[in-house]
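Remarks on the overall topology
Now for the letters of each chain:
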Protein chains: 2
Amino acid sequence: MRYSIANTKTTILLLVLLMSSARLYAEDGYDLWLRYKTVTDGKLLLAYRNTISTITVAGESATLLAAKEELQNGLKGLLGKNIPVKNLLHNGSLLAGTASQSAVTRQYISKEEMASAGGEGFIIRSVNHQGKNIIIITANNDIGVLYGCFHFLRLLQTRQSISKLAIVSAPTLQLRLLNHWDNLDRYVERGYAGISIWNWHTLPDYIDPRYIDYARANASIGINGVSLTNVNANAMVLTESYLKKVAVLANIFRPYGIKVYLTARFSAPIEIGKLRTADPLNDTVQKWWNDKAKEIYKWIPDFGGFLVKANSEGQPGPQNYGRDHADGANMLADAVAPYKGIVMWRAFVYSQQSDDRFKQAYAEFKPLDGKFRKNVLVQVKNGPIDFQPREPFSPLFGAMEQTSLLMEFQITQEYLGQATHLVYEAPMFKEVLGTDTYAKGKGSTVAKVIDGSLYHNSLNGMTGVSNIGNDRNWTGHPFGQANWYALGRLAWDYNLSSEEIADEWIRETFSNDPSFVAATKKIMLLSHKALVNYMTPLGLNHLFGNGHHYGPAPWSNNLPRPDWNPVYFHKADSFGIGFDRTVTGTNALDQYAPEVREQYENLNTCDEKYLLWFHHVSWKHKMKSGRTLWDELCYYYYKGTEDIKKIEQQWHQLEKHIDKERFQHVRQLLSIQVKEAEWWRNACLLYFQTFSKIPFPAGYEKPDKSLEYYKSLNFPYAPGN
Amino acid sequence: MRYSIANTKTTILLLVLLMSSARLYAEDGYDLWLRYKTVTDGKLLLAYRNTISTITVAGESATLLAAKEELQNGLKGLLGKNIPVKNLLHNGSLLAGTASQSAVTRQYISKEEMASAGGEGFIIRSVNHQGKNIIIITANNDIGVLYGCFHFLRLLQTRQSISKLAIVSAPTLQLRLLNHWDNLDRYVERGYAGISIWNWHTLPDYIDPRYIDYARANASIGINGVSLTNVNANAMVLTESYLKKVAVLANIFRPYGIKVYLTARFSAPIEIGKLRTADPLNDTVQKWWNDKAKEIYKWIPDFGGFLVKANSEGQPGPQNYGRDHADGANMLADAVAPYKGIVMWRAFVYSQQSDDRFKQAYAEFKPLDGKFRKNVLVQVKNGPIDFQPREPFSPLFGAMEQTSLLMEFQITQEYLGQATHLVYEAPMFKEVLGTDTYAKGKGSTVAKVIDGSLYHNSLNGMTGVSNIGNDRNWTGHPFGQANWYALGRLAWDYNLSSEEIADEWIRETFSNDPSFVAATKKIMLLSHKALVNYMTPLGLNHLFGNGHHYGPAPWSNNLPRPDWNPVYFHKADSFGIGFDRTVTGTNALDQYAPEVREQYENLNTCDEKYLLWFHHVSWKHKMKSGRTLWDELCYYYYKGTEDIKKIEQQWHQLEKHIDKERFQHVRQLLSIQVKEAEWWRNACLLYFQTFSKIPFPAGYEKPDKSLEYYKSLNFPYAPGN
């Protein structure tokens, strides 16, 4: 050859990859968890084939057509043969349709049973009908039938028995949403998987087949609404030329039970309406929004409603006119109410005037409880700050008796290693949902707040800030798909365990090989804990690089607002580290119910995973482990890093079980993750050591770079900023 | 179903698309022209199978390994069976390798014949060796062998006979390049196919398999160098953290014969070197560049060199220090000369001080002829303005006797409908290459200038500004792939006709069905002419929307520089339209050789396709057709629009011949193109009519919108700006 190879290690890797080039059909991750590879267990395949012979769909709506297509394609793949669609029932028929459309279904499933499925749930039942074994997939509405069909395919994908099915499933939450933070120029704020899948420029004329596959994926996990645009909103999306584009997406999503929502920029009446004010109590402004709603519903008859970020991080809002959040939300709510639209009003606010960013949302919203219209939900981030690797629950959960709350989780990994770290988020979601707010005594979990059962709110739901982009595999990291999946599955049924969801997803996405499933599940279930430890153990938070939030910068102190700077959050000094939110500090703990407050305010009862969230603690403080705080901090930073190395090694063992494309993709990303875990550990410990002045405990390998080196790094083109 | 369908037309389309959802292996265009589908003509398949039995590759370099992989994968696909790799020759062996590695090859191919292949060319020869029919693919260097293997596969892809092969092929140009205008944040200036395929953030650790497929695609058409970064350059790419990333790409591309180039920001010594000046005659600055070159070559031993845009559109350059382009280029050339690097210095300059933007490049560069180092090429855009749909050739071609010139074409369709218009650019490239400059008398074509034969320059080549992005199909429009392909093929052999190249590409990319090939070729060969007519007929140019260049805005006159405004270029008034560049005007024609000047300056001999480039012509001027200029303008605007409608209808006839995914993609884009052609026609004619005051000729359908409507449109989020 003509050129020398500059880097042997890279070359070897290249050669490995070369082997897979020119492949005809690579496993590129595009199919998500909707892979319908033929069952390889011959006995099981035979059993499935013997159980399913034909498909009968009772009805012809677009939703049922989608269900039929999915069953045909899915079964063709899974069973390795065409399953014909027939009008008459045979032995082995799958009968899909609402009860109202099928006398056979009504014969076997009572009205009471049907009622238990609710508006969106489904029933799957094996019955013997006139000597023929058939499987009924039914629901009260077509969308439930579609959900049931996806569930039925999931049974096969996860190799479950389908011989005696008696399943009733109904969602625990009404609103099961994704929020895209996508700009009209396709830039995705906090996006790490390419640019927006919404190609506004070629809409409404060009329909990317991806839009349909997006709808399929969401329907398969029960997502029933998507907000298309960034909460840092652009009023242009509310103009006719964009509404035409939105209408096409709404048309595509409709058969899949997905409503479209848009973010409403509060100053839109000024920017696109040529008004001089956006005061929510001004008649002209109200009329403008009423007219705008009417226009929107002309284009999109089932438009879901508005999502609003107002008076937050520079966004305009009612406070610009001396009004409050309820004034603003209610104006919009009144505009969409005639069309059954809703308003999701975000509670993510903080103020420079406050002594503690933690307290601001509660301070602004608690007094407004009871003032919001019935079709308003206040959308609350899981924690009081901002999607940190681990946060205690937001004190608004439990505090708003008369207000419907919508849980906002962040699927995209803004503070979780972005798209290069393998982090399974279900345990983080579950931890919040399972926490007891004690709002109405013991057992008042966050889940019961947001499902409306605690206070009997009219609306309820959960949303996830999307991690989706135009990367071929949608989410950048192949395991990012699991977080999209988990959000949907938990919104459908928050009682599912992290392990159950991981089990399903692994089987659907990669392989049903028992040793692969077990090992991968172990990796996933360890991953969030590992990340918390190598980034922000013991209740540390917001140590991230300015703006882009890529990598550690606990030393950062040069942003114009104190509550944007890491030093504000960790408050390390020669005495110790942590944010005192007890009565001796900002007393933020007072925003919780007494039982919660008492637990956290006492150094002895405070769960150490939240320790530095609530206490400024001496470096020498004796932890439950017997170690000093400094030694414990070192212990966890090293443990997190070791755990991710272990994960890397475990993954290497799995090569033989899956396709080389996705194996290699994850393998390479894990090597980045290990490197970055060490970076986090070294940078944070070296920096905190400048305060503690205590050496690293014996036995730990010392950082190979200096603090100055870590401080010198900068990343002007880190994505998603 | 639960929801009404808002838009029936869209719904029908959706249903069509739904049919193709959940497909297992969609034709998504990712494979480009490297599709190796099995030959369906049974007789031909048998003939191919009988001719090819085994593969023997003499040598083990990374390049030959790539050749072997490509042959194996390609033949497996094309022949529908595995072709084994063997050490011994059999009847039907393919023997690939350099002559120096194969005694058998030397036995059949003489040194003289080998010499004719040159450094990068190849020879493919059928011989009978000891009673066995074998096919030899050979070259003087491994890269030629790889090129030969791609060519051999192309023979099968295009269904040619391989029974008596005697092919010698060597490139007509040395440098066959792509220029990416990709920023470090992945934004692509003038990119219409998503964002950059270079994921700088995850390099050097994560290797996207796409990098390898990119290299394969380029090697298959002979591209041997790529400049990775935008000519509006960022000095950061020259820092160590980025050079490490660049080195990985260089390692990936090396086996495929592709060198990496970078754009050098002229002020880099200040921005990343902390110097106070970037004066090219300053010793410290020179040393800085020398050291930087040394550092780059440490990472990338075969680094190609620098591409520079200086003192152009706000970019810094030597003129900031009172020096000239030669001073700047030579400083960089001296820095890379020890490593055999080159400098490509762009001649795209224009000045507010000039009375005619057309003249500026010649004015600045002609006086410098002879002053550039031997390892400098001046990179000249094909025309004097800026990649307009049709331009006369730049007067620099032919004017620079002692300077190596590099032709810069723009593949990305900045002014050619961007990624939603089907425009085959080969005829445009060929038109320029075939034009006679008369620099050394008749026959001094532009092609002879840039291949170095006219003036015997030491370096020569052609580059194309890339249309590649992270869209799954690389180029947005499926037919955009043809332009990437055509640039490479013409750089290899500019004597290939547009039709030959289209024929190859259609067969490789879509189908060998004769009626499909013929119809698609017709569409492609008409497409550029149609676009010129519906956008800028008769020598009009630069009528594009400000900044983003999307759509028509001939009325635009509000940009701070006159030479950025459409009115500057068309100069329509009550008398007529066009830019007088004869002696009565700016006399730009004086920059051409007398023969060219004379031809263009005379209204009677000036080719009417360039008429308004050179003359300000009365609306009533009688054209060769007998029509007045105004009527002729109307005629062409309508003709272009009708032609694109015809193309749309022709495409509709082709549905049965190809996969529905790509058929539908093109179909939808053609409907956009028709709509936009009408927009162009209506907006331009209504606007020009405000000057001509003449009605549209009888028989033309009148625009359905007013000029005011067209003026009111704006596109703040048009891509690529």
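Since this is a predicted model, take the numbers as computed values, not measurements.

Points about the overall build of chain A
Per the secondary structure count, chain A includes 23 helices and 15 strands. In summary, chain A has a C-alpha radius of gyration of 26 Å against a globular reference of 27 Å for 721 residues, a match within 12%. Referenced to the eigenvectors of the C-alpha coordinate spread, the extents of chain A come out at roughly 80 × 75 × 60 Å. Counting over 721 residues, chain A shows a buried share of 65%. Considering only intrachain contacts with a sequence separation of at least 6, the fraction spanning at least 24 residues in chain A is 73%. In chain A, 78 positive and 71 negative side-chain charges are present, and the distance between their average locations comes to 4 Å.

Describing the environment of Asn558 of chain B
Residues and elements named next belong to chain B. The residue Asn558 is located in the loop between α17 (514-535) and α18 (566-570) in this model. A relative accessible area of 62% places Asn558 in the exposed class. Between the C-alpha atom of Asn558 and that of Asn546, which follows or precedes it by 12 residues, the distance is 9.1 Å. Excluding residues that lie within four positions of it along the chain, Asn558 makes contacts with Asn546 and Asn565. A distance of 3.1 Å separates the side chain of Asn558 from the side chain of Asn546, its partner in a polar contact.

Side note on the pairing of strand β12 (residues 404-410) of chain B
Residue and element names in this part refer to chain B. In terms of residue burial, β12 counts as a mostly covered element, since 7 of its 7 residues are buried. The side-chain alternation of β12 yields two buried faces, one formed by Ser404, Leu406, Glu408 and Gln410 and the other by Leu405, Met407 and Phe409. Bridge count for strand β11 (residues 376-381) against β12 is 5 bridges, and the pairing is parallel. Its bridge partner lying in β12, Gln379 is registered against Leu406. One ladder, built from 5 bridges, connects β12 with strand β13 (residues 461-465); its direction is parallel. Note on β13: the bridge partner recorded for Leu406 is Gly461.

As for unusual backbone geometry
Residue and element names in this part refer to chain A. Each neighbour pair has its own omega, and for Leu203 with Pro204 the value is 0°, a cis peptide bond. You will see that Trp474, though not glycine, has its phi angle at about 75°, which is positive. Relative to the elements of secondary structure, Trp474 occurs in the loop between β13 (461-465) and α15 (480-492). Note on Trp474: relative accessible area 0%, which makes it buried. One non-glycine residue, His542, lies in positive phi territory at about 55°. Looking at the secondary structure, you find His542 in the loop between α17 (514-535) and α18 (566-570).

Quick notes on the side chain of Arg210 of chain B
All names here are of chain B. For Arg210, the position within the fold is in helix α7 (residues 209-220). Buried and without a salt bridge, Arg210 has Asp208 as its closest oppositely charged side chain, separated by 6.0 Å. Not counting the four nearest positions on each side in its chain, Arg210 is found in contact with Tyr30, Ile197, Gly469, Asn470, Asp471, Arg472, Asn473 and Trp474.

Some points on the sheet that holds β13 of chain B
The pairing of strands in a sheet happens through backbone hydrogen bonds and is either parallel or antiparallel. Residues and elements named next belong to chain B. Taken in spatial order, the 8 strands of this closed barrel run β6-β7-β8-β9-β10-β11-β12-β13, and their pairing is parallel. Strand after strand, the sheet turns through a mean of 25° between neighbouring axes, direction not considered. Note: strand β10 (residues 342-346) against β11, 4 bridges, orientation parallel. When the bridges of β11 are listed, Arg346 appears paired with Gln379. Packed onto the sheet, helix α11 (residues 325-336) meets β9 (305-308), β10 and β11 and runs at close to 160° relative to β10.

Considerations on the pairing of strand β11 (residues 376-381) of chain A
Burial analysis of β11 of chain A places 6 of its 6 residues in the buried class, which makes it a mostly covered element. Burial of the side chains of β11 of chain A extends over both faces: Val376, Val378 and Val380 of chain A are buried on one face and Leu377, Gln379 and Lys381 of chain A on the other.

Some words on the nonpolar core
Judged by nonpolar contacts, the single largest core of 233 residues is most densely connected at Phe152, Phe253, Trp289 and Phe688 of chain B. With 13 residues, helix α22 (residues 660-692) of chain B is the largest single contributor of residues to this core. In this view, Phe253 of chain B contacts Trp198, Tyr211, Tyr214, Ala215, Val226, Leu228, Ile258 and Val260 of chain B; residues no more than four positions away in its chain are not counted. Formed by 229 residues, the second largest nonpolar core is a distinct cluster that contains Ile252, Leu275, Ala278 and Ile411 of chain A.

Remarks on the pattern of salt bridges
Residue and element names in this part refer to chain A. Here the structure, examined in full by the defined rule, presents 82 salt bridges over all chains. For the salt bridge of Lys521 with Asp503, the shortest nitrogen-to-oxygen distance reads 2.6 Å. Placement of the pair is Lys521 in helix α17 and Asp503 in helix α16 (residues 498-509), with a sequence separation of 18 residues. Just as Lys521 is buried, Asp503 falls in that class too. Ionic contacts of the salt-bridge type, sharing partners, join the residues Glu27, Arg35, Lys37, Asp659 and Arg662 into one network.

Focus on the sheet that holds strand β3 (residues 122-129) of chain B
Residues and elements named next belong to chain B. The 5 strands are arranged β1-β2-β4-β3-β5 in an open sheet whose pairing can be described as mixed. In this open sheet, the two edge strands, each paired with only one partner strand, are β1 (54-57) and β5 (166-169). Each adjacent strand pair in this sheet contributes to an overall mean axis angle of 20°, direction not counted. Along the sheet, helix α6 (residues 142-157) contacts β2 (93-96), β3, β4 (132-138) and β5; its crossing angle with β3, the most-contacted strand, is approximately 70°.

Observations regarding the packing of α15 of chain A against α16 of chain A
Residues and elements named next belong to chain A. Two numbers describe how α15 lies on α16: the axes approach to 10 Å, and their chain directions differ by 130°. It follows that α15 is oblique to α16 by the angle criterion. In terms of crossing hand, the pair formed by α15 and α16 is right-handed. On α16, the residues that touch Gln481, Ala482, Tyr485, Ala486, Arg489 and Leu490 of α15 are Ile501, Glu504, Trp505, Glu508 and Thr509.

Focus: the packing of aromatic side chains
Residue and element names in this part refer to chain A. Counting across every chain of the model gives 106 aromatic pairs over all chains. Relative to Phe429, the ring of Phe409 lies with its centre 4.4 Å away and its plane at 35°, an arrangement referred to as tilted. Separated by 20 residues along the polypeptide, Phe409 in strand β12 (residues 404-410) and Phe429 in helix α13 (residues 426-434) bring together distant segments of the chain. An identical accessibility class is assigned to Phe409 and Phe429; each is buried. Taken together, Tyr30, Trp33, Trp198, Tyr211, Tyr214, Phe253, Trp474, Trp484 and Tyr485 form an aromatic cluster joined through their ring pairs. Above the face of the Trp474 ring, Arg210 is positioned so that its terminal group lies 4.1 Å from the ring centre.

Here we look at the environment of Gly539 of chain B
Relative to the helices and strands, Gly539 of chain B is located in the loop between α17 and α18. Distance from Gly539 of chain B to Arg49 of chain B, taken between C-alpha atoms, is 53 Å for residues 490 residues apart in sequence.

Quick word on the side chain of Thr54 of chain A
Residues and elements named next belong to chain A. With respect to the helices and strands, Thr54 occurs in strand β1 (residues 54-57). In this structure Thr54 comes out as buried when scored by relative accessible area, which is 5%. For Thr54, the residues in contact, after removing those within four places along its chain, are Ile83, Pro84, Lys86, His90, Gly92, Ser93 and Leu94.

Rules used throughout
- Residues numbered from 1 in each chain as written.
- Chains lettered and ligands numbered in written order.
- Predicted model: local features only at pLDDT ≥ 70, side-chain atom pairs only at ≥ 80, totals over all residues.
- Heavy atoms only, no water.
- Helix = DSSP H or I, 4+ residues; strand = E, 2+ residues; numbered from the N terminus.
- Rg over C-alpha atoms; globule rule 2.2 N^0.38 Å.
- Buried < 20%, exposed > 50% of the residue type's maximum accessible area, 1.4 Å probe, protein only.
- Contact = heavy atoms within 4.5 Å.
- Lys, Arg positive; Asp, Glu negative; His and termini not counted.
- Charge placed at Lys NZ, Arg CZ, Asp CG, Glu CD.
- Polar contact = N/O pair within 3.5 Å; in protein donor to acceptor, adjacent residues only side chain to side chain.
- Pairing = 2+ DSSP bridges.
- Salt bridge = Lys/Arg side-chain N within 4 Å of Asp/Glu carboxyl O.
- Axes fitted to C-alpha atoms, helices over the stretch in contact; angles between N-to-C directions.
- Core = buried A, V, L, I, M, F, W, Y, C linked by side-chain atoms within 4.5 Å.
- Parallel < 35°, antiparallel > 145°, perpendicular 65-115°, else oblique.
- Left-handed = near helix turned anticlockwise from the far one by under 90°.
- Phe/Tyr/Trp six-rings, centres within 6.5 Å; stacked < 30°, edge-to-face > 60°.
- Lys NZ or Arg CZ within 6 Å of the ring centre and 35° of its normal.

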